[in-house]
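# A look at the structure
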Amino acid sequence: MPLHASDFEIFALPARFAFERDALDQRWRDLQRSAHPDRFASADAATQRLAMQWSVRINEAYQRLKDPQKRAAYLCEQHGVPVQAEQNTAMPAAFLQQQMEWREALDEARSATELEHLAAAVAQARTELLGQMQRSADELADFDALAQQVRALMFVERFARAVEQRSEPVQD
């Protein structure tokens, strides 16, 4: 298989948002065993270099496919719709309103219980967003919508990290 094969081709998976994570993990282990540079330690320099390139390529593809946000962004790019998160920050008004409400709730949270409720709400929103992303990619093939959902997921995950950081006990 050529180094320029798609991530999905490398892992023998359909180019879809949803797939069996176990299949990805098992295929990654198999590919790593067959392409690991240590297996080629006694080979010529060109073969060793190719093994190293394959190992790096396999790991990069695995990191992209195992992460829903990265996988969705990759699908968008594969279909000619780059996410452009830095240039395109426009979001629906309802989404922005939700973000402001969450921000206010985080600022006003005074107890672990309040933070736990906020974290649960954010986790629920993430789950719903992932479902929308699967539908946009796999059922509708609407990669413009998927790109916007990727940008939304970036906001949600960033906010989830902020809640998590706020929930951690202060260390002296």
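Residues numbered from 1 in each chain as written. Predicted model: local features only at pLDDT ≥ 70, side-chain atom pairs only at ≥ 80, totals over all residues. Heavy atoms only, no water.

### A few points about the environment of Ala 90
Relative to the helices and strands, Ala 90 is located in the loop between α4 (68-78) and α5 (93-108). Note on Ala 90: relative accessible area 52%, which makes it exposed. For the pair formed by Ala 90 and Ala 119, sequence separation is 29 residues and the distance between their alpha carbons is 24 Å. (Helix = DSSP H or I, 4+ residues; strand = E, 2+ residues; numbered from the N terminus. Buried < 20%, exposed > 50% of the residue type's maximum accessible area, 1.4 Å probe, protein only.)

### Structural notes on the nonpolar core
If you look at the biggest cluster of nonpolar residues, it comprises 45 residues, and the most contacted ones within it are Ile 10, Phe 11, Met 133 and Leu 146. Within the residue set of this core, elements represented by two or more residues are α1 (7-10), α2 (21-35), α3 (45-66), α4, α5, α6 (112-139) and α7 (143-167). For this core, the element with the highest residue contribution is α7, accounting for ten residues. (Core = buried A, V, L, I, M, F, W, Y, C linked by side-chain atoms within 4.5 Å.)

### Details of a negative patch on the surface
Judged by side-chain charge, Glu 101, Glu 104, Asp 107, Glu 108 and Glu 114 come together as a negatively charged surface patch. Its location among the elements puts Asp 107 in helix α5. (Patch = residues over 30% accessible without salt bridge, like charges linked within 9 Å, V, L, I, M, F, W, Y side chains within 5 Å. Areas by Shrake-Rupley, 256 points an atom, 1.4 Å probe, with all protein chains shown as cover. Salt bridge = Lys/Arg side-chain N within 4 Å of Asp/Glu carboxyl O. Lys, Arg positive; Asp, Glu negative; His and termini not counted. Charge placed at Lys NZ, Arg CZ, Asp CG, Glu CD.)

### Observations concerning unusual backbone geometry
Unusually for a residue other than glycine, Ala 12 sits at a positive phi of about 55°. Topologically, Ala 12 is positioned in the loop between α1 and α2. Exposure remark for Ala 12: the relative accessible area of 59% places this residue in the exposed category. We note that Ala 141 has phi near 50°; this positive angle belongs to a residue other than glycine. As for its placement among the helices and strands, Ala 141 is situated in the loop between α6 and α7.

### Concerning the pattern of salt bridges
Using the criterion set out here, one finds seven salt bridges in the structure. Here Asp 25 ties to Arg 21 by a salt bridge, and the two come within 2.8 Å at their closest N and O atoms. Residue Asp 25 and its partner Arg 21 are located together in helix α2, separated by four residues, close to a single helical turn. The partner of Arg 126 in a salt bridge is Glu 157, with the nearest N and O atoms 2.9 Å apart. Of this pair, Arg 126 sits in helix α6 while Glu 157 sits in helix α7, placing them 31 residues apart in sequence.

### Here's the deal with the layout of surface pockets
Roughly 290 Å³ of volume is contained in the largest pocket. Forming the boundary of the largest pocket are 14 residues, of which Phe 95, Leu 129, Gln 132, Gln 149 and Ala 152 lie nearest the centre. Secondary-structure elements contributing two or more residues to the lining of the largest pocket are α5, α6 and α7. Ranked by residue count, the leading element in the lining of the largest pocket is α7, at five residues. Per-class residue counts for the lining of the largest pocket are nine nonpolar, four polar and one charged. (1 Å grid on protein atoms, 1.4 Å probe; cavity = no way out; pocket = protein on both sides within 12 Å on 5 of 7 lines; lining within 4 Å. Points joined across faces, edges and corners; volume = space filled by probe spheres on them. Nonpolar A, V, L, I, M, F, W, Y, C, P; charged D, E, K, R; others polar.)

### Considerations on the packing of aromatic side chains
Applying the stated criterion to the full structure yields five aromatic pairs. Taken together, a centroid distance of 5.8 Å and an interplanar angle of 70° make the contact between Phe 95 and Phe 155 edge-to-face. Within this pair, whereas Phe 95 is found in helix α5, its partner Phe 155 is found in helix α7, the two being separated by 60 residues in sequence. Here the guanidinium or amino end of Arg 71 rests over the ring plane of Phe 17, the centre of that ring lying 4.7 Å away. Just above the ring of Phe 155 sits the side chain of Arg 158; from NZ or CZ to the centre is 5.4 Å. (Phe/Tyr/Trp six-rings, centres within 6.5 Å; stacked < 30°, edge-to-face > 60°. Lys NZ or Arg CZ within 6 Å of the ring centre and 35° of its normal.)

### Quick word on the side chain of Gln 69
With respect to the helices and strands, Gln 69 occurs in helix α4. Since its relative accessible area comes to 17%, Gln 69 is described here as buried. Among residues more than four places away in sequence, those in contact with Gln 69 are Val 150, Leu 153, Met 154 and Glu 157. (Contact = heavy atoms within 4.5 Å.)

By themselves these figures say nothing about function.
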